[in-house]
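The chain contents come next:
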Amino acid sequence: MVLLVCGFQGEAQYLHGHTGVLTIEVEDTINEGVNMVYPCNEIQKVAWEVLKNFDHALVLRKDDPLLPVILDVYEKQGIKNGHPQNKMKGEAFKTELATAYPEARLVVTKETMTVEGMIKIVYDLLKDKLNIAKITFTSGVNAGSAEFSTKHNIECCPLCGVALNNEEGVCPKCGYRK
């Protein structure tokens, strides 16, 4: 494993793991202005802003014995605080379940990363941004789903359907003002 980290330049320096497919289902009343609950491409944008931290990232449990070793290698190679070729950076986050270090392409989790653990983390990160009714995550032969009660309190733009994201009620996509 250390040979992989030490032997490649640029993006390949970062350890890569499993891939998966994440499906997020949202529920709410139909927005008459756009004739849908929430535009699908906007759901993807909202989710990707947070979830891109998992793209080509090393995901380790906080008590994993490899974590200090990996951080030491990153430090010695000068990539702990990022590499110029690391362009896929989301905003850092710290929740009870996970902490993202986008510069180092590292996510440290509280629990062992299973499909169920990923669902918990995704819901925790997005529950205030989307009315999530169900999340399904598959990785290899593993799959899991969880259903959630929706809040129905995310106010959306009547023109384009995107969530109004601030106290002033301004749409980040079209500029509509409440």
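Residues numbered from 1 in each chain as written. Predicted model: local features only at pLDDT ≥ 70, side-chain atom pairs only at ≥ 80, totals over all residues. Heavy atoms only, no water.

### Section: the nonpolar core
Membership of the largest hydrophobic core comes to 34 residues, with the highest contact counts inside it found for Y38, L51, F54 and L126. With 8 residues, helix α4 (residues 115–126) is the single largest residue contributor to this core. Discounting residues that sit within four places of it in the chain, Y38 has contacts with V26, I43, V46, L130, C156, G161, V162 and A163. Ranked by size, the runner-up nonpolar core spans 9 residues in total, among them L60, L67, A104 and L106. (Core = buried A, V, L, I, M, F, W, Y, C linked by side-chain atoms within 4.5 Å. Buried < 20%, exposed > 50% of the residue type's maximum accessible area, 1.4 Å probe, protein only. Helix = DSSP H or I, 4+ residues; strand = E, 2+ residues; numbered from the N terminus. Contact = heavy atoms within 4.5 Å.)

### Considering helix α3 (residues 66–77)
Under the 1.5 Å per step criterion, the end-to-end length of α3 is 16 Å for 12 residues, consistent within 8% with the ideal 16 Å. Directly after α3, the chain includes G78, whose backbone phi takes a positive value near 75°. (Expected span 1.5 Å × (residues − 1).)

### Here's the deal with α4
Here α4 contains 12 residues, and its C-alpha end-to-end distance of 16 Å stays within 8% of the 16 Å for a straight helix at 1.5 Å per residue. Among the 12 residues that make up α4, 9 are buried, leaving the element largely enclosed by the rest of the structure. Within α4, the full set of buried residues consists of V115, G117, M118, I119, I121, V122, Y123, L125 and L126. Close packing links the buried residues of α4 with β1 (21–26), α2 (40–51), β3 (98–101), β4 (106–109), β5 (132–139) and β6 (142–147).

### Some details on the environment of C174
Assignment of secondary structure puts C174 in the segment after β6. Note: C-alpha distance between C174 and G161 (13 residues apart in sequence) is 9.8 Å. Excluding anything up to four places from it in sequence, C174 contacts C157, L159 and C160.

### Regarding the state of the cysteines
In the structure shown here, the tally under the stated rule is 0 disulfides. Looking at the unpaired C157, the closest cysteine sulfur is the one in C174, lying at 3.6 Å. Taking relative accessible area as the criterion, C157 reaches 0% and is therefore assigned buried. Not part of a disulfide, C160 finds its nearest cysteine sulfur in C171, a span of 3.4 Å. (Disulfide = S-S within 2.5 Å.)

### Considering the sheet that holds β1
Taken in spatial order, the 3 strands line up as β1-β5-β6 in an open sheet, and their pairing is antiparallel. In this open sheet, the two edge strands, each paired with only one partner strand, are β1 and β6. Adjacent strand axes in the sheet meet at a mean angle of 10°, parallel and antiparallel pairs treated alike. Of the strand pairs in this sheet, β5 and β6 are connected by 6 bridges, and their pairing is antiparallel. From the neighbouring strand, F137 faces β6, where its bridge partner is G144. Against the sheet, α4 touches β1, β5 and β6, its axis set at about 145° to β5. (Pairing = 2+ DSSP bridges. Axes fitted to C-alpha atoms, helices over the stretch in contact; angles between N-to-C directions.)

### Considerations on the packing of aromatic side chains
Taken as a whole, this structure holds 2 aromatic pairs when the rule is applied. Ring geometry for Y123 against F148: centres 3.9 Å apart, planes inclined by 5°, an arrangement best described as stacked. Of this pair, Y123 sits in helix α4 while F148 is found in the segment after β6, placing the two residues 25 residues apart along the sequence. (Phe/Tyr/Trp six-rings, centres within 6.5 Å; stacked < 30°, edge-to-face > 60°.)

### Looking at the sheet that holds β4
Sheet architecture is open: 3 strands sit in the order β2-β4-β3, paired in mixed fashion. Only two strands of the sheet have a single partner each, and these edge strands are β2 (58–61) and β3. Geometrically, the sheet is characterised by an average inter-axis angle of 20° between neighbouring strands, direction not taken into account. Docked against the sheet, α3 engages β2 and β4, running at close to 140° with respect to β2.

Structural measurements only, silent on function.
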